[in-house]
Amino acid sequence: MSMDVLDLAGRPVIIGGGIAGLMTALHLAPEPVLLLSRSRLGADASSAWAQGGLAASLGEDDEPALHLADTLAAGDGLCDAEAARRILYAGPAAIEDLARLGVRFDRTPEGALRLGLEAAHCRRRIVHADGDGSGREIMRALVAAVRATPTIAVIENIEARRLAVEDGRVTGVLANCSTGPAFFANGRVILATGGIGGLFHDTTNPLGSYGQGLALAARAGAVLADLEFIQFHPTALDGPGRPMPLISEAVRGEGATIVDETGRRFLDGVRGAELAPRDMVARAVWRHLADGHRVFLDVRERPGATFARQFPTIASACRGVGIDPARDLIPIRPAQHYHMGGVAVDLAGRTSVPGLWACGEVASTGLHGANRLASNSLTEAVVCARWVAESVAGSPDDGGKPAMVSDLPAPDPRPVRPLLSHALGVTRDGEGLKEAARVLLLLLQRHDTASDPAAVGMMIAVAALLRRESRGAHFRTDFPLHAAVARRSQITLDTAMAAARELASSPTLESVL
Ligand code: SIN
């Protein structure tokens, strides 16, 4: 390992082997780059689990302005409209990039891209590959392309544990691998580490995604944005397995309905019903469950007989728990699915720390606002990877410095899960958030394996406490209305710790907020 490390010094380092990391590496070629992956490439990335595909305005009845309008409406007043405009207008070209790299998208018999419908989209604009196996097919093609690119060095089964920072800029990455700690001296690091589902009991993400990139960035002093906005998918399969199998919104796009144990379509009072924005459907399902009902997805009539052919992954997950979707109702409940918040970046992926970029779910560009429009995230990752790569390539490595290596044990998110699952779910309230922030601060200060996950959870809890309104996916039972002005939020580890300390020592919430 040590000889390899010396050979690789000075290359930009990409942390994360999902779609954002792989696309950034491919766009950087032929510049030599090093990609670090926690597992074998493609094995543990949430990208590979994506069913929904990529949203892009490709239909004859569609245009980017309509896609933008849907995105801004779902984002509930909090999107960065200019970032959204630039990303969504670049969406169709991103699909072409993927097709050129060998992704086999689903097509009509005439060869046109087959376009699906998902909630809160006014047009059919979701591009799929292999039915509900879009992420898997995209990852297949990108992993093959990366392996075939000699300038991309890949180290697998390695976990980045800290960023070295000197005089405010990144100077390297400290990582743990099977042979012990390693240090990669370089002044250009790109975080592409994915989301935070592993901080929750009920999630559709791989449990190995628990906000490692947020912890790396926060400990390096970076500004994080909109952390309180966490998307819950309304239709996770409510069986014994964790993580929970996702039942794609595309199934509702093909006509499936949500019913309770009496057969009642209780969403009929919600505008848009089953195809209302995801936060509204998730809250309605959550409330119905809390009222003692059971909730199901009914695919028997529509999509009906074609269901298993159109959605083979979902059909197989159902059969795995003894449900025959052609005959049975499918039990569902909301589960953590996506993090709208992340490391604050501009459209070139630059964070507030010189030498540090972020791309994909770990980053917050402002596209998603308070509630992500379905299938916008893979589009964002592919579009932004190109801009991140251009920015990295245009920034010489003037920061790499050798450093002492030390052993940091692997983080363990398990102590944090009950706290976030309870206080930061579909609905929140001030007292629950305050208690979570207080306990998470204690866990963080123990400096053990739960410290990094606790730091991430604590920053999210503080951001949620400070947002005294309900907006998009952030619903406060004690502040159920919008504030007069929509503002994005920003936080650092230091400011969050100071707020949590004050909360812990204050007898009432009101004296702090
Ligand atoms: C889904 O297929 O419902 C998920 C798509 C997404 O989260 O964008």
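Along each chain, residues carry numbers from 1 onward, in the same order as the chain's sequence is written. Confidence filtering applies because this is a predicted model: local features only for residues at pLDDT of at least 70, side-chain atom pairs given and counted only at 80 or more, and all residues used for totals across whole chains, interfaces and linings. The side-chain values count all of the structure's non-hydrogen atoms but skip hydrogen atoms and water molecules.

Some remarks on the sheet that holds strand E14 (residues 295–298)
Reasoning step 1: Within the open sheet, the four strands sit side by side as E12-E15-E14-E13. Their pairing is antiparallel. Either end of the sheet is taken by a strand with one partner, and the two such strands are strand E12 (230–237) and strand E13 (257–260). Averaged over neighbouring strand pairs, the angle between their axes works out to 50 degrees when direction is ignored.
Reasoning step 2: When DSSP locates at least two bridges between a pair of strands, those strands are taken to pair. Strands are runs of DSSP state E lasting at least 2 residues, helices are runs of H or I lasting at least 4, and numbering of each runs from the N terminus. Of the strand pairs in this sheet, E14 and strand E15 (residues 330–339) are connected by two bridges, and their pairing is antiparallel. Within the sheet, the bridge partner assigned to Phe296 lies in E15 and is Pro331. Axis lines are fitted through C-alpha atoms, for helices just across the contact stretch, and the angle between N-to-C directions can take any value from 0 to 180 degrees.

Overview of the pairing of strand E7 (residues 158–166)
Reasoning step 1: Two strands pair when backbone bridges link them, and E7 and strand E8 (residues 169–177) are joined in this way by eight bridges, in the antiparallel orientation. Its bridge partner being in E8, Glu166 is matched across the sheet by Arg169.
Reasoning step 2: In this antiparallel pair of consecutive strands, E7 and E8, the connection spans two residues, and Asp167 shows a positive phi of 50 degrees.

So, the site of the ligand
Reasoning step 1: Gly52, Glu118, His233, Leu246, Ser248, Glu249, Arg278, His337, Arg372, Ala374 and Ser375 make up every residue found near the ligand.
Reasoning step 2: Whenever a nitrogen or oxygen atom comes within 3.5 Å of another N or O atom, the pair is scored as a polar contact, on the condition that within protein one atom can donate a hydrogen and the other can accept it, and that pairs from neighbouring residues in sequence are kept only if both atoms are in side chains. One of the side-chain N or O atoms of Ser248 is found 2.6 Å from an oxygen atom in the ligand.
Reasoning step 3: Between His337 and the ligand, the recorded distance is 2.6 Å, taken from a side-chain N or O atom to an oxygen atom.
Reasoning step 4: Taken by itself the ligand offers 250 Å² of open surface, and the protein chains cover 95% of this.
Reasoning step 5: Polar here means any residue outside two lists: the nonpolar Ala, Val, Leu, Ile, Met, Phe, Trp, Tyr, Cys and Pro, and the charged Asp, Glu, Lys and Arg; Gly therefore counts as polar. In terms of residue class, the shell around the ligand is made up of two nonpolar, five polar and four charged. If a single non-hydrogen atom of a residue is within 4 Å of a molecule or strand, that residue counts as near it. Accessibility throughout is a Shrake-Rupley quantity obtained with a 1.4 Å probe, and a residue counts as covered only by protein chains that appear here.

With respect to the nonpolar core
Reasoning step 1: Membership of the largest hydrophobic core comes to 71 residues, with the highest contact counts inside it found for Ile15, Leu36, Val173, Phe184, Leu191, Leu440 and Met458.
Reasoning step 2: For this core, the element with the most residues is helix H15 (residues 451–466), which contributes eleven residues.
Reasoning step 3: Any pair of residues with heavy atoms lying within 4.5 Å of one another is described as a contacting pair. Sequence-distant contacts of Ile15, that is, excluding residues within four places in its chain, are made with Leu36, Ala160, Leu163, Val173, Val189, Ile190, Leu191, Ala192, Thr193 and Leu216. Take the buried Ala, Val, Leu, Ile, Met, Phe, Trp, Tyr and Cys residues and link them wherever side-chain atoms come within 4.5 Å; each set so joined is a nonpolar core. When a residue's accessible area, from a 1.4 Å probe over protein chains only, is under 20% of the maximum for its type it is buried; when over 50% it is exposed; and in between it is partly exposed.

What about the sheet that holds E7?
Hydrogen bonding along the main chain pairs the strands of a sheet, whether they run parallel or antiparallel.
Reasoning step 1: Reading across from one edge, E7-E8-E9 is the order of the three strands in this open sheet, with antiparallel pairing throughout. On the outer flanks of this sheet lie E7 and strand E9 (180–185), each paired with one strand and no other. When strand polarity is set aside, the average angle formed by the axes of neighbouring strands in this sheet is 25 degrees.

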